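# Architecture at a glance
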Amino acid sequence: MCLSIPSKVVKIDKERNVATVDTMGITREAGLDLMEEDDVKIGDYVLLHIGFIMNKLDEADALESLKVYSELVEKMDEQERQNLVEEDDNCPNRGK
Amino acid sequence: MGELQLKDLYTGFRDPEVIQGYAKLIEEEAKKLSSPINIMEVCGGHTHTIMKYGLQQLLPENINFLHGPGCPVCIMPKERIDHAYILAMQEDVILVTLGDMIKVPGSKGSLQDARAQGADVRFVYSPLDTLKIAKENPEKKIIFFAIGFETTTPMSAALLDVVVKQNISNILFHINHVTVPEAMELLLADDECKIDAFLGPSHVSVISGSQIYDKFPSEYKKPVVVGGFEPVDVMESISMIVRQFAQKRCELEVQYKRAVNTEGNLKAQTLNENYFEKAPHFRFRGLGDIPNGGLKLRDEYSAYNAEVLYEELLKSELIDDHKLCICGDILKGKATPPQCSIFGTACKPSTPMGSCMVSSEGACAAYYKYGNLL
């Protein structure tokens with residue numbers, strides 16, 4: 001009910017005040033009534049909710065989050081490698 | 001990282017490795033806590049994500065979720081559903097509403113039952129679809145039964161705006177829009193309240209901004225993090241809440257910055273204000289009366305208000321849930337679905353007795369679906 005779907009704007013019909021958006025391969029129309037005039041442009045990422053565009057997604061912020069996430073995974077991998085090395089160093093069977 | 005792709009907005013925020021990464025961060029941070037913390041995810045959308053991705057199982061023992069009342073279908077009291085049923089049964093009426101309302105039983109039955117009795121009930125994807133129905137049926141009264149929290153309110157206002165400006169005389173409205181902060185305040189006023197922090201509903205704040213939660217850290221001393229609906233969003237939000245406790249901070253923070261700012265969508269807010277005002281009372285199913293918890297049409301638009309025009313037909317008598325149902329306690333975060341004696345037996349998604357089993361966003365429905373009971 002309150003979920004909303006990230007979509008990409010592919011076309012704008014100014015006269016009818018509707019945009020055509022792509023939601024992972026599905027194309028449909030969405031009302032622009034809740035957006036300021038000329039705020040939404042082709043190529044923008046938007047949130048779609050019951051037939052309306054609710055807002056634009058901040059691309060820079062999404063990219064920043066994804067960067068933080070990949071650094072987190074990298075750090076985790078490093079930590080895990082470190083743990084494996086330490087485990088190996090402390091292995092009681094070493095040298096037998 | 002290069003340019004953003006549409007699929008990144010899905011997969012990037014569902015990456016299992018990142019979820020695990022946050023689980024580890026939370027575990028480390030949670031070791032610093034002196035007592036356990038209960039985090040209420042207010043919104044049914046979050047409950048759904050938590051159950052679907054098994055996020056509770058990834059958290060340490062001292063971090064718990066309490067499932068909140070933020071599902072507009074679940075909190076709809078039976079007397080309001082009866083209104084929809086009665087209106088739908090009028091011969092010259094077509095009742096239009098969003099699909100979520102199909103199965104919700106009132107005291108007379110659900111809208112699905114009304115349809116089986118011959119009523120003309122239409123479930124639409126968008127409120128704007130009502131315009132086409134009205135055009136094709138000029139001899140009928142089309143009543144839009146409007147539901148939803150802040151996220152969905154401006155879409156009803158947008159329809160109303162078209163109806164008023166184009167002077168469409170055969171579309172009427174029955175307004176059941178409700179607001180989140182008032183429900184949160186009611187929960188905090190309860191002496192048995194166990195809530196330590198809130199995960200704020202993301203799409204409510206897309207419209208209303210994060211500002212609507214300002215008072216919770218300052219007045220109630222409860223941290224709030226407004227988080228997105230993807231599993232990584234939820235885990236990052238939880239890590240932000242736990243860090244606040246570990247560092248003895250109590251603030252309003254936004255995790256879902258890619259979609260939420262302080263002010264929200266001002267154009268949507270203006271539309272809402274043009275047509276709606278606070279209703280002095282709205283009764284939430286399971287929670288009871290919430291002062292200022294809902295909206296109503298402004299008096300100058302009474303000509304479009306089905307509640308006014310059909311006043312004689314619509315009773316105002318209050319109808320409570322079945323006495324075995326504990327949805328009220330579940331919505332307040334005092335109980336979980338498995339603690340209910342009829343959960344999964346007498347009360348199932350196909351035959352819901354209580355509100356939380358009715359909507360797919362309800363806590364009971366989510367437990368049923370993801371607890372391998374289906």
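The structure under discussion appears in the preceding block.
One structure accompanies this document, and this report is about it. Position labels on residues start from 1 in each chain and follow its written sequence. Chain labels run from A onward and ligand labels from 1 onward, assigned in the order the entries are written. Residue-level local features of this predicted model are given only where pLDDT is at least 70; pairs of side-chain atoms are given and counted only at 80 or more, and the full residue set underlies all totals for whole chains, interfaces and linings. With hydrogens and water stripped out, all remaining heavy atoms of the structure feed into the side-chain values.

Further remarks concern the sheet that holds strand E8 (residues 224-226) of chain B. Residue and element names in this part refer to chain B. Should DSSP find at least two bridges between two strands, the strands are taken to pair. Each helix is a run of DSSP H or I of at least 4 residues and each strand a run of E of at least 2, with the numbering of both proceeding from the N terminus. Here 5 strands make up an open sheet; going across it, the order is E2-E1-E7-E8-E9 and the pairing parallel. Only two strands of the sheet have a single partner each, and these edge strands are strand E2 (63-70) and strand E9 (252-254). The sheet shows a mean angle of 20 degrees between the axes of neighbouring strands, taken without regard to direction. As judged from the 6 bridges shared by strand E1 (residues 37-43) and E2, these two strands associate in the parallel manner. Along E2, the bridge assignment pairs Ile37 with Ile63. Axes here mean lines fitted to C-alpha atoms, for a helix over just the part in contact, with angles spanning 0 to 180 degrees between N-to-C directions.

As a further point, take the nonpolar core. For our purposes a nonpolar core is just a set of buried Ala, Val, Leu, Ile, Met, Phe, Trp, Tyr and Cys residues, chained together by side-chain atoms within 4.5 Å. Partly exposed residues are those whose accessible area sits between 20% and 50% of the maximum for their type, while under 20% is buried and over 50% is exposed, using a 1.4 Å probe and protein chains only. Counting 140 residues, the largest nonpolar core has Ile63(B), Leu95(B), Met101(B), Phe173(B), Phe198(B), Ile238(B) and Phe284(B) as its most contacted members. If you tally residues by element for this core, the top one is helix H12 (residues 231-246) of chain B, at 7 residues. Should any heavy atoms of two residues lie within 4.5 Å, those residues are considered in contact. Ignoring anything within four residues of it in the chain, the contact list for Ile238(B) reads Ile26(B), Ile39(B), Leu59(B), Ile63(B) and Phe65(B). Membership of the second largest hydrophobic core comes to 10 residues, among which are Ala19(A), Leu32(A), Val46(A) and Leu48(A).

On to the interface of chain A and chain B. By a widely used convention, the size of an interface equals the accessible area lost when the partners come together. Contact residues are listed per partner, giving 41 residues for chain A and 51 residues for chain B. Here the quantity called buried area is the total loss of accessible area, with a 1.4 Å probe, experienced by two parts when brought into contact, counted for both. Of the roughly 4100 Å² buried between chain A and chain B on both sides combined, carbon and sulfur atoms contribute 70%. For salt bridges, the criterion is a side-chain nitrogen of Lys or Arg within 4 Å of an Asp or Glu carboxyl oxygen. Here chain A is connected to chain B by 0 salt bridges. Contacts described as polar in this section are N or O atom pairs within 3.5 Å, which, within protein, must combine one atom able to donate a hydrogen with one able to accept it, while residues neighboring in sequence count only if both atoms come from side chains. Joining chain A to chain B, the criterion identifies 14 residue pairs in polar contact (both at pLDDT 80 or more).

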